[in-house]
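# Topology and contacts: notes
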Amino acid sequence: MSSALMANYGHPELQFARGQGVYLYTADNERYVDFTMGIAVNCLGHCHPHLIAALKKQADTLWHTSNLFSIEPTERLAKRLVELSFADRVFFANSGTEAVECGFKMMRRYHYHHGRKQRVRIISLTQSFHGRTLAPVAACLNPVHIEGFLVGDAGFDQVPFGDLNALRAAITDNTAGIILEPVQGEGGIRTVPVEYLQAVRQICDQHGILLMFDEVQSGIGRTGHLFAHEALGVEPDLLASAKGLGGGFPIGACLSREHVAEVMTAGTHGSTFGGNPLATAVGNAVLDVLTGPGFLTRVNERATQLRAGVDELTARYPTVLAGHTGLGLMLGLRCACSNADLLKAMAKHRLLAVKAGGNSIRLLPPLNISAEEVDEGLALLAEACADLS
Ligand code: PLP
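Nothing here was measured: the structure is a model prediction, and the numbers come from that model.

Reading the values: the criteria
- Residues numbered from 1 in each chain as written.
- Predicted model: local features only at pLDDT ≥ 70, side-chain atom pairs only at ≥ 80, totals over all residues.
- Heavy atoms only, no water.
- Helix = DSSP H or I, 4+ residues; strand = E, 2+ residues; numbered from the N terminus.
- Rg over C-alpha atoms; globule rule 2.2 N^0.38 Å.
- Buried < 20%, exposed > 50% of the residue type's maximum accessible area, 1.4 Å probe, protein only.
- Contact = heavy atoms within 4.5 Å.
- Lys, Arg positive; Asp, Glu negative; His and termini not counted.
- Charge placed at Lys NZ, Arg CZ, Asp CG, Glu CD.
- Phe/Tyr/Trp six-rings, centres within 6.5 Å; stacked < 30°, edge-to-face > 60°.
- Lys NZ or Arg CZ within 6 Å of the ring centre and 35° of its normal.
- Salt bridge = Lys/Arg side-chain N within 4 Å of Asp/Glu carboxyl O.
- Near = heavy atom within 4 Å.
- Polar contact = N/O pair within 3.5 Å; in protein donor to acceptor, adjacent residues only side chain to side chain.
- Areas by Shrake-Rupley, 256 points an atom, 1.4 Å probe, with all protein chains shown as cover.
- Nonpolar A, V, L, I, M, F, W, Y, C, P; charged D, E, K, R; others polar.
- Pairing = 2+ DSSP bridges.
- Axes fitted to C-alpha atoms, helices over the stretch in contact; angles between N-to-C directions.
- Left-handed = near helix turned anticlockwise from the far one by under 90°.
- Arc of directions from axis to C-beta.

### A word on the overall build of the protein
Regarding its fold elements, the protein presents 14 helices and 17 strands. Relative to the compact-globule value of 21 Å for 389 residues, the protein shows a C-alpha radius of gyration of 21 Å, a close match. For the C-alpha atoms alone, the extent of the protein along its principal axes is close to 60 × 55 × 45 Å. Taken over 389 residues, the protein has a buried fraction of 53%. Relative to all contacts within the protein whose residues are 6 or more apart in sequence, the contacts with residues 24 or more apart total 72%. Of the charged side chains in the protein, 32 are positive and 38 negative, and the gap between their average positions amounts to 3 Å.

Now the structure itself:
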């Protein structure tokens, strides 16, 4: 297929004409079970009626004013996020990488504000993924993402995942803060151990440096909690959110405690589209559903069902599957065969999922998936495993 698009995504051939709930349909009406959900974005499935209604209503009312003016749904969404989380303040952006960028700027500005101008360096973990703009790629050091793009080290240091001694050794008088994903996504669905996270929090407090969580993928109910760190019992100073927050509509947010947010005085940061009323109207609609009675309990129930099914398939097909990782409905399939081969076999049986590091596959179903739909996904996974065993 010839395409006028740049080749940075390759040129995928599979194209969908419409989506409904957990299903995607081609123009020929071939139905796929979608466990990609736009890479953990469509948290309520495709075309959720409450989200459609919110978007249509906002589209009929007001599309865009910019932050020259106060925006009602944006004020409301910020207030709700603050009430529901560790945070005191919110900055809205349009994507995950921008939410992360905002956090990086805030870490530096915080120390600058307090007269510690040398504290500019930020520590990240190996196998992390924080986005594709320059600062996040410099933080992650994925060879494919940095080749030909970086100037120097851009102010980032990287330490091995889970290694506290390496982390302690990397902290200097120039360190501003640490960023990590409580559950790594692209890196292969790896949950940071609780004891490690507790120790990182202590180290940050000891050194007066800031702790930022990247919950772009793990947040907004994906792990059965509004944010994954709630399951791990450790709070950050800053947090990047995006993906599920818009249920499919582009939005990002940097959430912050007051002591950091207070340094972001008028004019320090901004975005033309950030906090756009269409995006925040949908964000509010996502929270309406997510905070509904029993919603997160049901996410955990479906996650338990999915994990049990994967356990059963792992026992049945040990040359294909080697177990699972993750929290809630952010599930990593460890592959005993090549993850690319398994993904291909799954797609042949009309089950879609996402590749991840460590020879794994991410299963990211909608959070409102039914028990029957989980079983349907597991049955298709079983057929794919049977093909390969
Ligand atoms: N951080 C994490 C943990 C992510 O998973 C992603 C995207 O996959 C990003 C940041 C970047 O988000 P975006 O692609 O919206 O810029």
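### So, the environment of G19
Among the secondary structure elements, G19 is positioned in strand β1 (residues 18–20). Residues G19 and Y110, spaced 91 residues apart in sequence, show a C-alpha to C-alpha distance of 44 Å.

### Topic: the packing of aromatic side chains
Summed over all chains, the structure comprises three aromatic pairs. With a centroid separation of 5.3 Å and an interplanar angle of 80°, the aromatic rings of F16 and Y32 are classed as edge-to-face. Of this pair, F16 sits in the segment before β1 while Y32 sits in strand β3 (residues 31–34), placing them 16 residues apart in sequence. Over the ring of F161 we find R190, and its NZ or CZ is 3.9 Å from the ring centre.

### Brief notes about the pattern of salt bridges
Scanning the entire structure with this criterion turns up 14 salt bridges. The partner of K79 in a salt bridge is E83, with the nearest N and O atoms 3.3 Å apart. Here K79 and its partner E83 are both found in helix α3 (residues 72–84), four residues apart, which amounts to about one turn of the helix. On the accessibility criterion, K79 (53% relative accessible area) is exposed. In this structure, E312 and R316 form a salt bridge, with 3.3 Å as the shortest nitrogen-oxygen distance. Residue E312 and its partner R316 are located together in helix α12 (residues 295–316), separated by four residues, close to a single helical turn.

### Some details on unusual backbone geometry
Of note, the phi angle at I220 is positive, near 55°, even though the residue is not glycine. Structurally, I220 is set in the loop between β10 (210–214) and α9 (228–232).

### With respect to the site of the ligand
In the neighbourhood of the ligand, the contacting residues comprise S95, G96, T97, F129, H130, G131, E181, E186, D214, V216, Q217 and K243. Here G96 contributes a backbone N or O atom positioned 2.8 Å from an oxygen atom of the ligand. E186 is positioned with one of its side-chain polar atoms (N or O) 3.4 Å from an oxygen atom of the ligand. Taking 390 Å² as the accessible area of the ligand by itself, protein coverage stands at 82%. Considered class by class, the residues forming the shell around the ligand number two nonpolar, six polar and four charged.

### Considering the pairing of strand β7 (residues 175–180)
Buried residues dominate β7, accounting for six of its six residues. In the sheet, strand β5 (residues 121–125) pairs with β7 via three bridges, with the strands oriented parallel. Pairing of I123 across the sheet is with I178, part of β7. Relative to β10, β7 runs parallel, the two being bridged by four bridges. Its bridge partner lying in β10, L180 is registered against F213.

### As for the packing of α3 against helix α11 (residues 277–290)
Look at α3 against α11: their axes get within 8 Å of each other, and the N-to-C directions meet at 35°. Relative to α11, α3 is oriented so that their crossing is left-handed. Together, P73, T74, R76, L77, R80, L81 and L84 of α3 and P277, T280, A281, G283, N284, L287 and D288 of α11 make up the contact between the two elements. Of the residues in the contact of α3 with α11, the class split is seven nonpolar, four polar and three charged.

### Details of helix α13 (residues 339–348)
Every buried residue of α13 is accounted for by N339, L342, L343, A345 and M346. Projected down its long axis, α13 shows its buried positions confined to an angular sector of 165°, all on one face. Every exposed residue of α13 that faces more than 90 degrees away from the buried side is listed here: K344 and K348. Following α13 by one or two positions, R350 has its phi on the positive side, about 70°.

### Overview of the environment of L381
Relative to the assigned elements, L381 resides in helix α14 (residues 371–388). By relative accessible area, which is 2% here, L381 ends up buried. In sequence terms L381 and L343 are 38 residues apart; their C-alpha atoms lie 9.5 Å from each other. Apart from the residues within four sequence positions on either side, L381 is in contact with V310, L313, L333, M346 and L351.

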